[in-house]
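The chain contents come next:
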Amino acid sequence: KQCHSIDGSPLVGPSFQGISGRAAGRKAGYSSQQYLAESIIKPCDYVVDGFTCVMPQNFGERLTQDDLANLIAFLLEY
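What counts and how
Residues numbered from 1 in each chain as written. Predicted model: local features only at pLDDT ≥ 70, side-chain atom pairs only at ≥ 80, totals over all residues. Heavy atoms only, no water. Salt bridge = Lys/Arg side-chain N within 4 Å of Asp/Glu carboxyl O. Helix = DSSP H or I, 4+ residues; strand = E, 2+ residues; numbered from the N terminus. Buried < 20%, exposed > 50% of the residue type's maximum accessible area, 1.4 Å probe, protein only. 1 Å grid on protein atoms, 1.4 Å probe; cavity = no way out; pocket = protein on both sides within 12 Å on 5 of 7 lines; lining within 4 Å. Points joined across faces, edges and corners; volume = space filled by probe spheres on them. Nonpolar A, V, L, I, M, F, W, Y, C, P; charged D, E, K, R; others polar.

Draft legend 1. Representation of the pattern of salt bridges within the structure. This model, assessed by the stated rule, comprises one salt bridge. For Glu-38, the salt bridge goes to Lys-27, with nearest N and O atoms at 2.7 Å. Within this pair, whereas Glu-38 is found in helix H2 (residues 32-41), its partner Lys-27 is found in the loop between helix H1 (19-26) and H2, the two being separated by eleven residues in sequence. Residue Lys-27 is classed as partly exposed on the basis of its relative accessible area of 30%.

Draft legend 2. How the structure looks around the layout of surface pockets. Looking at the largest pocket, its volume works out to about 580 Å³. Every element with two or more residues in the lining of the largest pocket is listed here: H1, H2 and helix H3 (65-75). In terms of residue class, the lining of the largest pocket is made up of 21 nonpolar, five polar and two charged.

Draft legend 3. Expanded view of the environment of Gly-25. Looking at the element boundaries, Gly-25 is found in helix H1. Gly-25 gets classed as exposed once you look at its relative accessible area, which sits at 65%. It is 22 Å that separates the C-alpha atoms of Gly-25 and Val-54, two residues lying 29 residues apart in sequence.

Have a look at this one:
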């Protein structure tokens with residue numbers, strides 16, 4: 001089961017397509033990297049309109065700092 005698409009179609013969560021550009025404007029004063037990091041570590045603190053928070057609350061705790069940095073780098077490619 002996929003939660004996020006890469007082609008622009010919404011699934012359970014918003015698409016990753018264009019996420020680097022959208023992430024930069026989501027929260028005042030946050031870079032794309034900062035917004036994505038917070039969204040991964042605290043997924044229910046900010047939920048995109050039209051979606052509900054279904055991400056596991058401890059998802060960010062499962063990642064090492066390197067894993068988090070690699071995931072953010074991957075997402076910024078979209």
